[in-house]
Amino acid sequence: MKRTPGPVMLDVAGTTLSDADIERLTHPMTGGIILFKRHFEDRAQLVALTDAIRAVRDDILIAVDHEGGRVQRFRTDGFTVLPAPGKLGALWDKDVLAATKAATAFGYVLASELRACGIDMSFTPVLDLDYGQSQVIGDRALHSDPRVVTMLAKSLNHGLALAGMANCGKHFPGHGFASADSHVALPTDDRPLDEILAADVRPYDWLGLSLASVIPAHVIYTQVDEKPAGFSRIWLQDILRSKLGFNGAIFSDDLSMEAARAGGTLTEAATAALTAGCDMVLICNQPEEAGKVLEQLRFTPSKASQQRIRQMRPRGKALRWNKLQNQPEYRAARDLIASALG
């Protein structure tokens, strides 16, 4: 069914589509589906699920958090178990060129395997700096130096692009300094704006046109705005769009997380995030509640916003799994990851 994707990304209840899932999928406010570990039994089932979603709506994004390390949703039935991104940073400290080559291979394997299963994008790479104090970031961060994070992310993004996948930098302007976990608390960062701009924000600036999309942090930067970054026009409009000139898509972080409760009810939070400048809002692990948001939300995205979301669709035809396994570039990339990061 041809439609214009809406501004809400949600998930489905199980490993196959229910009637309720199909009803939510066909709602005009729906623009994306995010998958989790609970949606995966094996590759055949995963492909059947993405094919079923696509049969209902061929215009929406199918996404997943698949970074490697602790955050990798699919880890069996042939999927490469990717190391934590922090391993790339550790390799950089020993051998810069080896690290950039490994980062490109990392992105290529990650994206080509997902695309072979009908998934459009992964919310990666993490651009947060490793300050050694964040409970939720840790070895998800590439490095503590923003210059190294930028160079490794650029190589990783190149690997994603070689497989036709767009990238997503997170969590703007930086979640590495705040120690609390935004899944269960509302973190704060009391540093002045100049300090954050001089360090954490640098990768978003330096990556420039190679950065396709961004997820803002559920963190309050107390010296800048009383609202978390994902609900803040100061961060999303004044700094990200105007100061940095970012023209890509902005996805909210999961509005079901504890730190998003500052936005009120789910519908109020979705409205606040979209009004602040997000192009699409994520509501995860609560399909029925997300369905209520679809019914209650009163928001019309601009044509520019809809175009930004369309540009996140993958490029080129994906190789099916069996063909991918025999592709020399893919095999070489897997071998490189195993030898450099294993």
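In this report, we go over the structure that sits alongside the text. (Residues numbered from 1 in each chain as written. Predicted model: local features only at pLDDT ≥ 70, side-chain atom pairs only at ≥ 80, totals over all residues. Heavy atoms only, no water.)

### Brief notes about the sheet that holds strand β3 (residues 61–64)
Phase 1 of the analysis: Spatially, β6-β3-β2-β1-β12-β11-β9-β7 is the arrangement adopted by the 8 strands of the open sheet, whose pairing is parallel. Since the sheet does not close on itself, it has two edges, and those belong to β6 (121–122) and β7 (169–172), each with one partner.
Phase 2 of the analysis: Pairing geometry for strand β9 (residues 213–216) and strand β11 (residues 249–254), over 2 bridges, is parallel. By the bridge assignment for β11, Ser213 is matched with Ala249.
Phase 3 of the analysis: Sitting on the sheet, helix α2 (residues 43–56) is in contact with β2 (30–35) and β3, with an inclination near 175 degrees to β2. (Pairing = 2+ DSSP bridges. Helix = DSSP H or I, 4+ residues; strand = E, 2+ residues; numbered from the N terminus. Contact = heavy atoms within 4.5 Å. Axes fitted to C-alpha atoms, helices over the stretch in contact; angles between N-to-C directions.)

### Here's the deal with the pairing of β2
In the case of a regular strand, side chains alternate between the two sheet surfaces.
Phase 1 of the analysis: By the criterion of burial, β2 is predominantly enclosed, with 6 of the 6 residues buried.
Phase 2 of the analysis: As defined by bridge partners, strand β1 (residues 8–10) adjoins β2 across 3 bridges and the pair is classed as parallel. Across the sheet, Leu10 pairs through a bridge with Ile33, a residue of β2.
Phase 3 of the analysis: Between the parallel pair β1 and β2, the chain is carried across by helix α1 (residues 19–25), and the sense of this crossover is right-handed.
Phase 4 of the analysis: One ladder, built from 4 bridges, connects β2 with β3; its direction is parallel. Among the inter-strand pairings, Ile33 is bridged to a residue of β3, identified as Ile62. (Buried < 20%, exposed > 50% of the residue type's maximum accessible area, 1.4 Å probe, protein only. Right-handed = clockwise from strand over helix to strand, strands pointing away.)

### Considerations on the packing of aromatic side chains
Phase 1 of the analysis: Tallied over the full model, the rule gives 9 aromatic pairs.
Phase 2 of the analysis: When the ring of Phe172 is compared with that of Tyr204, the centres are 5.0 Å apart and the planes differ by 85 degrees; the resulting orientation is edge-to-face. Linking Phe172 in strand β7 with Tyr204 in helix α7 (residues 202–207), this pair joins segments that are 32 residues apart in sequence.
Phase 3 of the analysis: Judged by its relative accessible area of 4%, Tyr204 is buried.
Phase 4 of the analysis: Cation over ring: Arg191 sits above Phe177, and NZ or CZ is 4.2 Å from the ring centre. (Phe/Tyr/Trp six-rings, centres within 6.5 Å; stacked < 30°, edge-to-face > 60°. Lys NZ or Arg CZ within 6 Å of the ring centre and 35° of its normal.)

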